[in-house]
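# Architecture at a glance
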Amino acid sequence: MKLLEALNVLFLRFVARGFIISCGPLCVQGMQTPAMSENESASEEDWLALRPQEPSPSQCCGSGCKPCIYDVYDKELAQWERAKAMQDKSLLMGKKEQSNNSELNPDTFTAFSVSSVEQLTEDTYQYKFELPGNSSLRLSLGQHIVLRGVVNGLEVQRAYTPISPRNAEGYFEVLIKCYEAGLMSQYIKTWKRGDVVFWRGPFGGFPYQPNKDLARYWNIRIFYVLSQETSLEKLPWSYQENTYTGRLNEDLMKTIVNSCRRKPFVLICGSSAFNEDMSRYLKAAGIEEDSCFVF
């Protein structure tokens, strides 16, 4: 009898916590297990199907977009939790993951049709996308847009900067270098005229005003040019004594900064890892955040 009472207590405690323990053929009289009706179960499954899916690391382009895809996810998750708590699915009506109205939006992906594909080099392509009527993207200097693609069931996102004129009407163009092992490159290489792809944006922007902010930098001097040359022997003799080989590092950045006659304004553009490294090197060289800009 004591064993039965002990099992009863154990059973009730776990039921209270949402668990059910089966004790073999033992039958406890007078106990009722809470059960979920078919309607409640179906309703719970419906809500779970509507729950926003957390982005994977590959879906973040790493370009500092605002809002980032994780910001969008947090916003949609909070909206879903509020709607579920109130059992009101109409609160989710404003949630959109993509649009077909051909207007760029930083929160949702918009469909654009590929109007032409031009191969410029062995691995570089220029793509033109249609815009409705005489509309224009009108991006500001330094702004980029984010592309979404799916490769082998994995969603990938990357940032690109259109190369078409700011006032181009009815189209925009993007220049893309495809890499053999690149996930997004595998998707991009399949594009052909008439295909529909999804973009989101714009993001970023360089705070530049003509003849104002950068007027004191009119006399631009070139210190270093990055090249794929691996040996000084392949360079003209006049360049060899002034050529540096190797990776950009903290010591080199300090040398460049110290050679400037006045405090420089630094523009950084590259991969996430490159941008982080350069920002750290510049800080070590005495360059504050207000004297550099990361695209």
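Residues numbered from 1 in each chain as written. Predicted model: local features only at pLDDT ≥ 70, side-chain atom pairs only at ≥ 80, totals over all residues. Heavy atoms only, no water.

## Description of helix H6 (residues 250-258)
Taken as a whole, H6 has its buried residues at Leu252, Met253, Ile256 and Val257. All buried residues of H6 project into a common sector of 135 degrees when viewed along the axis, lining one side. The exposed residues of H6 that point more than 90 degrees off its buried face are Asp251 and Asn258. Where H6 is buried, its residues touch helix H7 (272-284). The N-terminus of H6 is capped by Asn249, whose side-chain oxygen sits 3.3 Å from the backbone nitrogen of Asp251. (Buried < 20%, exposed > 50% of the residue type's maximum accessible area, 1.4 Å probe, protein only. Helix = DSSP H or I, 4+ residues; strand = E, 2+ residues; numbered from the N terminus. Arc of directions from axis to C-beta. Contact = heavy atoms within 4.5 Å. Polar contact = N/O pair within 3.5 Å; in protein donor to acceptor, adjacent residues only side chain to side chain.)

## What to know about the nonpolar core
Grouped together as the largest cluster of nonpolar side chains are 23 residues, with contacts concentrated most on Phe129, Leu147, Phe172, Ile188, Trp191 and Trp199. Those elements that provide at least two residues to this core are strand S2 (109-119), strand S3 (124-130), strand S4 (143-151), strand S5 (154-160), strand S6 (171-177), helix H4 (183-188) and strand S7 (196-204). When sequence neighbours within four positions are dropped, the list of residues in contact with Ile188 reads Tyr127, Leu147, Tyr160, Ile176 and Cys178. Counting 12 residues, the second largest nonpolar core, distinct from the first, contains Ile268, Leu282, Ala285 and Ile287. (Core = buried A, V, L, I, M, F, W, Y, C linked by side-chain atoms within 4.5 Å.)

## With respect to the side chain of Arg200
Residue placement: Arg200 occurs in strand S7. Comment: no salt bridge for buried Arg200; closest opposite-charge side chain is Asp107, at 5.6 Å. A polar side-chain atom of Arg200 sits 2.6 Å from the main-chain carbonyl oxygen of Pro106. (Lys, Arg positive; Asp, Glu negative; His and termini not counted. Salt bridge = Lys/Arg side-chain N within 4 Å of Asp/Glu carboxyl O.)

## Some points on the pattern of salt bridges
Evaluation of the coordinates by the stated rule reveals four salt bridges. For Lys192, the salt bridge is made with Asp195, and the minimal N-O distance between the two is 3.4 Å. Between Lys254 and Glu250 there is a salt bridge, with the nearest N and O atoms lying 3.3 Å from each other. A residue pair is termed a helical-turn pair when its members lie 3 or 4 positions apart in one helix, as Lys254 and Glu250 do in helix H6 at four residues. Overall, Lys254 belongs to the partly exposed group, its relative accessible area being 29%. With relative accessibility at 30%, the residue Glu250 sits in the partly exposed group.

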